[in-house]
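# Observations on the three-dimensional arrangement
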Amino acid sequence: MSERKKTARTGDCPAACDKNESAKAQKKTSAKKKVRTALMSTVIALSASAIAGLSVALYYSEQRAGEQQSYISSMEAVYSRSYYDLLDSANDLEVQLMKLRAAGTPEAQSRILYDVWQTATSASQSLAAFEGEREGVMKANKFLGQLGDYARVLAEKLADGEGLTASEAGTLEDMRGVAAAFKDALADTRSGKDEGRLFLGDGGMLDGFSASFDSFAEPDFDYPSMIYDGPFSDALEDRECKALRGLPAVSAEEGAAKLAGLIRGAENIKFRERTESDIVTLSYTFDRDGGTGFAQLTEQGGLLALCDISLGETAADGGMPEHLRAAVGFAKQAGYGDTRVVWCSVSHGTVYVNLAPVSDGVVLYPDLIKVKVDAASGEVTGLDAAHYIFNHTERDLPAPVLTAEQAAGKVTLPAVGSPMLCLIPQDETREVLAYEIECASDGTYFVYIDAVTGEETDILYVVDGEQGRVTV
């Protein structure tokens, strides 16, 4: 019976179990399918999400890459155009300066000198595209500015019927030699361009181009000696930014906010780049009054190191005193304290004003700040504070041994005005306390008498023309 029961309970089991097991198997299979389906749906969803994210990332990556490539292409075009314009100007300068040798009349010389002025100005504008990296390029561009200004002043003198002096002819000949060296510095780049090389990218020529002007920064490079933009406009620059000691660093955003407060009416301020040179700067562009502007702030301290503004429409002339006050006020707002106008000149609608800080009555020439003011509107259009940034510091000035009257008594030329106590740069390494005495004798001279030793420490000659010296 037990067997029967066993058989009854189990003898027919295969069929029943098959049904049960089949049902269970179907449920398991269905469950697995659901799990697999759910997993596949999740994977598909995640994959779709990843693909969408990747597509977005690729889109923006491609967009950034496209923008970067567009920027590189644009800059390559700027460098190439500037180089070829520069090469043409360099060739023209050498020819024009050689023509002066053969010009036999003041009228012919004047025409050639006006051409030299225009060509040097054009060359300076072209070379400015490569500035900011090496001292040699900046020195070479400074020479172009000197050459152009000197040629213009002499051209105006000749137009008034005066002839060139032997000294002026000698200076022009010296300048021709420097112009030849300038042209030679472009030769290697010309060879590279003929080979199809680019300025940017792998194997680019930009660094090599800048390096070709390194000789212009060497101490023994022979520049003609002249004064065209005020006494000691080439003040000491010992490569240490003394004025920035202890000042905190500013971010690009902080710099933009600071610039908005410094430049009246500045709009659409955009950060462009951080430049590591003798002065580490943050560069910006902006719009103002229908024109555009460029500015550099020191990363350390956020001082306005350089700015240049191209104005749109301008107002009527407000008079020279207003221009000087505008320059002094702008420098003070930019953080350079109280300054004194030590030089002023006018050229092509621009008033150039040199400012110097004053310490205990002593004018500090090494710390010059140069400001440009639009002659028509009286608006400040530029500032260059490199000398101040390099040289300004607390100084322990010696007490003068000589009086102003005693210093004036050591000068043989007729003096104009009273002696001025000042600190002047000497020998590229030191500063001397001296009395500046302006003298007039077939031109304007500045004679400097050491205020401690009584020695005649320097004499500067001013090239006359539109140039002038104004003090307030």
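Residues numbered from 1 in each chain as written. Predicted model: local features only at pLDDT ≥ 70, side-chain atom pairs only at ≥ 80, totals over all residues. Heavy atoms only, no water.

As a further point, take the overall build of the protein chain. Secondary structure summary: the protein chain contains 11 helices and 14 strands in total. A buried classification covers 40% of the 472 residues belonging to the protein chain. In the protein chain, 60% of the contacts between residues at least 6 apart in sequence involve partners at least 24 apart. When the accessible surface of the protein chain is totalled, it reaches about 24,800 Å², and 51% of it is carbon and sulfur. (Helix = DSSP H or I, 4+ residues; strand = E, 2+ residues; numbered from the N terminus. Buried < 20%, exposed > 50% of the residue type's maximum accessible area, 1.4 Å probe, protein only. Contact = heavy atoms within 4.5 Å. Areas by Shrake-Rupley, 256 points an atom, 1.4 Å probe, with all protein chains shown as cover.)

What follows covers the packing of helix H3 (residues 106-127) against helix H4 (residues 135-159). It is the contact of H3 with H4, at a shortest axis distance of 8 Å, that shows an interaxial angle of 155 degrees. Comparing the axis directions of H3 and H4 gives the class roughly antiparallel. For the crossing formed where H3 meets H4, the hand is left-handed. Here the contact of H3 with H4 is composed, by residue class, of 17 nonpolar, 5 polar and 2 charged. (Axes fitted to C-alpha atoms, helices over the stretch in contact; angles between N-to-C directions. Parallel < 35°, antiparallel > 145°, perpendicular 65-115°, else oblique. Left-handed = near helix turned anticlockwise from the far one by under 90°. Nonpolar A, V, L, I, M, F, W, Y, C, P; charged D, E, K, R; others polar.)

Chain-level pLDDT for the protein chain is 76 on average; 74% of the residues reach the 70-or-more range. In the model of the protein chain, helix H1 (residues 2-10) stands out as the element of lowest mean pLDDT, 37, in contrast to strand E7 (residues 362-364), which has the highest, 94. Within the model, pLDDT remains below 50 along residues 313-319, and this stretch shows 13 contacts once partners closer than five positions in the same chain are excluded. Segment residues 464-472 is flagged for pLDDT under 50; beyond a separation of four residues in sequence, or across chains, it makes 38 contacts in the model. (pLDDT = per-residue confidence, 0-100.)

Using the criterion set out here, one finds 11 salt bridges in the structure. Where lysine 183 meets glutamate 94, a salt bridge forms, and the shortest distance between an N and an O atom there is 3.0 Å. With lysine 183 in helix H5 (residues 166-184) and glutamate 94 in helix H2 (residues 13-102), this pair connects stretches of sequence that are 89 residues apart. Between lysine 157 and glutamate 168 there is a salt bridge, with its nearest N and O atoms 2.8 Å apart. Residue lysine 157 is found in helix H4, and its partner glutamate 168 is found in helix H5; the two are separated by 11 residues along the sequence. (Salt bridge = Lys/Arg side-chain N within 4 Å of Asp/Glu carboxyl O.)

Let's shift gears to the packing of aromatic side chains. As enumerated under the stated definition, the model contains 8 aromatic pairs in all. Ring centres 6.1 Å apart and planes at 85 degrees place the aromatic pair tyrosine 83 and phenylalanine 209 in the edge-to-face group. Placement of tyrosine 83 in helix H2 and of phenylalanine 209 in helix H7 (residues 206-211) is noted, with a sequence separation of 126 residues between them. Residues phenylalanine 271 and tyrosine 284 carry aromatic rings whose centres are separated by 5.5 Å and whose planes lie at 65 degrees to one another, so their mutual orientation is edge-to-face. In this pair, phenylalanine 271 is assigned in strand E1 (residues 267-275) and tyrosine 284 in strand E2 (residues 281-288), connecting sequence segments 13 residues apart. A connected cluster of aromatic rings, assembled from ring pairs, spans Tyr83, Tyr84, Phe182, Phe209 and Phe213. (Phe/Tyr/Trp six-rings, centres within 6.5 Å; stacked < 30°, edge-to-face > 60°.)

In this section: unusual backbone geometry. Located in the positive-phi region is asparagine 268, a residue other than glycine, with phi close to 55 degrees. Mapped onto the elements, asparagine 268 comes out in strand E1. Classification of asparagine 268 by relative accessible area gives partly exposed; the value is 45%.

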